[in-house]
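Listed here are the chains, written in short residue letters.
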Amino acid sequence: MAKDSYLVGLIGSGIGPSLSPALHEREADRQGLRYLYRLIDIDTLGVPPQAVGDLVRAARDLGFHGLNITHPCKQLVIEHLDELAPQAEALGAVNTVVFEDGRAIGHNTDVTGFAASFARGLPDASLERVVQLGAGGAGAAVAHATLTLGAERVTVVDALADRAADLADGLNRHFGAGRAAAGTPDQLDRLLGSADGVVHATPTGMAAHPGLPFPAELLHPGLWVAEVVYRPLETELLRAARAVGCATLDGGGMAVFQAADALRLFTGREPDSGRMLVDFAEFAVGSSVGEAV
């Protein structure tokens, strides 16, 4: 018999302003479900990211049906799960955990969320040469999504050179040799000068990490700019990009589409992502707090 009552949550750092509870609960209410979405903030609890395994086990034991996982736990959570869906395994990052028969199964809806948002918001963008900043959990997802959308080559830049190299190696194994490369921040001048677009997948722009991920002087009108941070919707990077005439994509669409995919995994119901986009626009009005998915 299908359930009509669900308890789910979000584990991450600094997640107090998250729009996920409102997005999930409103759509679930329209589906006729009793649906509670709770925040499990490691900062509030005073525990390190490495405690994610204990939190997942506690949620399972307390009767949660599933969890979303966000920064900085998307990769750390993997060793504490019983099974990974193929996409999550390929990514090495999990943003959704579903509890089934006492087992914790990891999924990743960031990939499909970013892909749907990009196709909707930048449908005519050239994807020959893409530069991506950030090789963490969200970075792995959006790099996979960008290559799935047809990018010929993605160059991953991260402050941690080994992390960028590891992600590029994984992408080449999955998509074919030569589809990805690793770069360093000191190469951004050259890389962005010849790129068609840039995907920003670092925490820069969030409230705790204000500023730009690279000098605004490196932006040029021929470049499209896609953002992962969604609160605020207009980050400093997007403002600077629009000022020089770049086509831009904010992080709101990814937030909505990944939430819709997670809700589907939790409940088996088909969410209306169009309604959720309208909800998000309502919830985000006046937002000034930075957050990434």
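Quick look at the structure, then. All figures in this text were calculated on a predicted structure; none of them were measured in a lab.

Another point: the overall build of the protein chain. Check the secondary structure of the protein chain and you find eleven helices and 14 strands. Here the C-alpha atoms of the protein chain give a radius of gyration of 18 Å, agreeing with the 19 Å that 2.2 N^0.38 yields for 293 residues. Seen through its principal axes, the protein chain has C-alpha atoms that stretch 55 × 40 × 35 Å. Split into buried and exposed, the 293 residues of the protein chain put 54% on the buried side. Restricting to contacts in the protein chain with at least 6 residues of sequence separation, those with at least 24 account for 71%. Carbon and sulfur atoms make up 51% of the accessible area of the protein chain, which amounts to about 12,100 Å² in all. Each charge class in the protein chain can be summarised by its mean position, and for the 22 positive and 36 negative side chains these summaries are 4 Å apart.

What follows concerns the packing of helix H1 (residues 20–30) against helix H11 (residues 273–284). Between two packed helices, both the angle of their axes relative to each other and the distance between the axes serve to describe the pair. Running from N to C, H1 and H11 cross one another at 135°; their axes reach a closest spacing of 10 Å. On the basis of the axis angle, H1 is oblique to H11. Crossing angle aside, the handedness with which H1 passes H11 is right-handed. On H11, the residues touching Ala-22, Leu-23, Arg-26, Glu-27 and Arg-30 of H1 are Arg-275, Met-276, Asp-279, Phe-280, Glu-282 and Phe-283. Partitioning the contact of H1 with H11 into residue classes produces five nonpolar, no polar and six charged.

Further remarks concern the sheet that holds strand E1 (residues 5–12). Spatial strand order, E2-E1-E3-E5-E6-E4: six strands in an open sheet with mixed pairing. Strands at the two margins of the open sheet, each flanked by one partner only, are strand E2 (34–41) and strand E4 (83–84). Inspection of the sheet shows strand E3 (residues 66–69) paired to strand E5 (residues 96–100) by three bridges, in the antiparallel sense. Bridged to Gly-66 within E5 is Val-98. Relative to E2, H1 is tilted by about 170°, and along the sheet it contacts E2 and E3.

Within this structure, the stated rule accounts for 19 salt bridges. Its salt-bridge partner being Glu-282, residue Arg-26 comes within 2.9 Å of it at the nearest N-O pair. One end of the pair, Arg-26, is in helix H1; the other, Glu-282, is in helix H11, with 256 residues separating them in the sequence. Salt-bridge contacts for Glu-27 lead to Arg-30; the nearest nitrogen and oxygen are separated by 2.8 Å. Placement of the pair is Glu-27 and Arg-30 together in helix H1, with a separation of three residues, close to one helical turn. Looking at Glu-27, the relative accessible area reads 0%, which means it is buried. Linked through salt bridges whose partners overlap, the residues forming this network are Arg-26, Glu-27, Arg-30, Asp-272, Arg-275, Asp-279 and Glu-282.

Before going further, it helps to spend a moment on the side chain of Asp-261. Relative to the elements of secondary structure, Asp-261 occurs in helix H10 (residues 252–267). For Asp-261, the side chain forms a polar contact with the side chain of Arg-264, separated by 2.8 Å. With residues near it in sequence (within four places) discarded, Asp-261 still touches Thr-109, Thr-112 and Gly-113.

Our next topic: the side chain of Asn-172. Counting through the fold element by element, Asn-172 comes out in helix H7 (residues 161–175). Residues in contact with Asn-172, not counting those within four places in the same chain, are Ala-177, Gly-178, Arg-179 and Ala-180.

Let's shift gears to the packing of H10 against H11. Viewed as axis vectors pointing N to C, H10 and H11 meet at an angle of 135°, and their least axial separation amounts to 10 Å. What the angle tells us is that H10 and H11 run oblique. Remark: the crossing between H10 and H11 carries right-handed chirality. Across from Gly-252, Gly-253, Ala-255, Val-256, Phe-257, Ala-259 and Ala-260 in H10, the residues of H11 making contact are Ser-273, Met-276, Leu-277 and Phe-280. Split into classes, the residues belonging to the contact of H10 with H11 amount to eight nonpolar, three polar and no charged.

Cut-off values and rules
- Residues numbered from 1 in each chain as written.
- Predicted model: local features only at pLDDT ≥ 70, side-chain atom pairs only at ≥ 80, totals over all residues.
- Heavy atoms only, no water.
- Helix = DSSP H or I, 4+ residues; strand = E, 2+ residues; numbered from the N terminus.
- Rg over C-alpha atoms; globule rule 2.2 N^0.38 Å.
- Buried < 20%, exposed > 50% of the residue type's maximum accessible area, 1.4 Å probe, protein only.
- Contact = heavy atoms within 4.5 Å.
- Areas by Shrake-Rupley, 256 points an atom, 1.4 Å probe, with all protein chains shown as cover.
- Lys, Arg positive; Asp, Glu negative; His and termini not counted.
- Charge placed at Lys NZ, Arg CZ, Asp CG, Glu CD.
- Axes fitted to C-alpha atoms, helices over the stretch in contact; angles between N-to-C directions.
- Parallel < 35°, antiparallel > 145°, perpendicular 65-115°, else oblique.
- Left-handed = near helix turned anticlockwise from the far one by under 90°.
- Nonpolar A, V, L, I, M, F, W, Y, C, P; charged D, E, K, R; others polar.
- Pairing = 2+ DSSP bridges.
- Salt bridge = Lys/Arg side-chain N within 4 Å of Asp/Glu carboxyl O.
- Polar contact = N/O pair within 3.5 Å; in protein donor to acceptor, adjacent residues only side chain to side chain.

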